[in-house]
Amino acid sequence: YPDIPVMALTATANDHVKMDIIHNLNLRDPLFLKQSFNRTNLFYEVLTKDKDHMKQIETMIRTKFRDQTGIIYCHSKNSCEQTSEKLINSGIKCAFYHAGMTPEDRLDIQKKWQQGTIKVICATIAFGMGIDKADVRFVIHLTLPRTLEGYYQETGRAGRDGNYSYCIMYYSFRDARTLQTMISRDKDLDRIGKEKHSTKLRQVIQYCENSTDCRRQQVLQ
């Protein structure tokens, strides 16, 4: 199709990804349009993850985010189910979502969340692609993500209506160490791959431990 125009779209491409797209699609002198990555209505916060963090989250949802829509990102299927169960037991309209569910169950939960029947979704990163709900008031990460790019993309599901919204991450060095161990033992990664993943994880740890610089500026860098 030599004469058919091509439009390539992506949500959060940095310079490296942009050049990758142009090169791989063999685009010749393309018109390039972009918006700022800076979402001024999003408030970024890192909280210490201690033994009472679930109590904190329950209180937050019942008070500050009462009747508001939100996403809680968990690192595993079990964590999704356990977190969801705790929130349901405390009277919060909640459900879990992960890749281990049937497509029918996932679609049903997604519809109920989009319609507002369910207010809070406890999900792995399987939940996200194609999700466009304007009034998500909070995105909570129960454990640190592996990359800042991934974190930016996941928090970007909050506040699409332009209203003030919260992006909260719970951080503990223990979680960071667990992730580092998983990377070092990953049989699918060669030495260079492991180094690359470790570098990206160190950026996330640096973001969590840097309490001096603006969180937004750190993410945007």
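Shown above is the structure to which this text applies.
For the structure given in this document, a descriptive report is provided here.

Each value, and the rule that gives it
- Residues numbered from 1 in each chain as written.
- Predicted model: local features only at pLDDT ≥ 70, side-chain atom pairs only at ≥ 80, totals over all residues.
- Heavy atoms only, no water.
- Salt bridge = Lys/Arg side-chain N within 4 Å of Asp/Glu carboxyl O.
- Helix = DSSP H or I, 4+ residues; strand = E, 2+ residues; numbered from the N terminus.
- Buried < 20%, exposed > 50% of the residue type's maximum accessible area, 1.4 Å probe, protein only.
- Pairing = 2+ DSSP bridges.
- Axes fitted to C-alpha atoms, helices over the stretch in contact; angles between N-to-C directions.
- Contact = heavy atoms within 4.5 Å.

Under the counting rule described, the total for this entry stands at eight salt bridges. Its salt-bridge partner being lysine 55, residue glutamate 58 comes within 3.3 Å of it at the nearest N-O pair. One end of the pair, glutamate 58, and the other, lysine 55, are both in helix α2 (residues 53-62), three residues apart, so they sit about a helical turn from each other. Of the charged contacts, one joins glutamate 149 and lysine 200 as a salt bridge, the two residues approaching to 2.9 Å between their closest N and O atoms. Of this pair, glutamate 149 sits in helix α5 (residues 148-155) while lysine 200 sits in helix α7 (residues 191-209), and the two are 51 residues apart along the sequence. Given a relative accessible area of 35%, glutamate 149 falls into the partly exposed group. Residue classification places lysine 200 among the partly exposed residues on the basis of a relative accessible area of 24%.

Turning our eyes to something else, we now look at the sheet that holds strand β6 (residues 165-171). Two pairing modes exist for strands in a sheet, parallel and antiparallel, and in both the strands are linked by backbone hydrogen bonds. The six strands are arranged β1-β6-β5-β2-β4-β3 in an open sheet whose pairing can be described as parallel. Each having just a single partner strand, β1 (42-48) and β3 (94-97) make up the two edges of the open sheet. Each neighbouring strand pair of the sheet contributes to a mean axis angle of 15°, computed without reference to strand direction. Bridge analysis of β3 against strand β4 (residues 120-123) gives four bridges, and the strand direction is parallel. Note that in β4 the partner of phenylalanine 96 across the bridge is cysteine 122. Here helix α4 (residues 103-115) sits on the sheet and contacts β2 (69-73), β3, β4 and β5 (136-141); the angle it forms with β3, its principal contact strand, is near 140°.

Note that alanine 13 resides in the segment before α1 (15-24). Considered as a pair, alanine 13 and glutamate 149 are 136 residues apart in the sequence and their alpha carbons are 9.2 Å apart. Those residues in contact with alanine 13 that lie beyond four places of it in its chain are Lys18 and Phe37.

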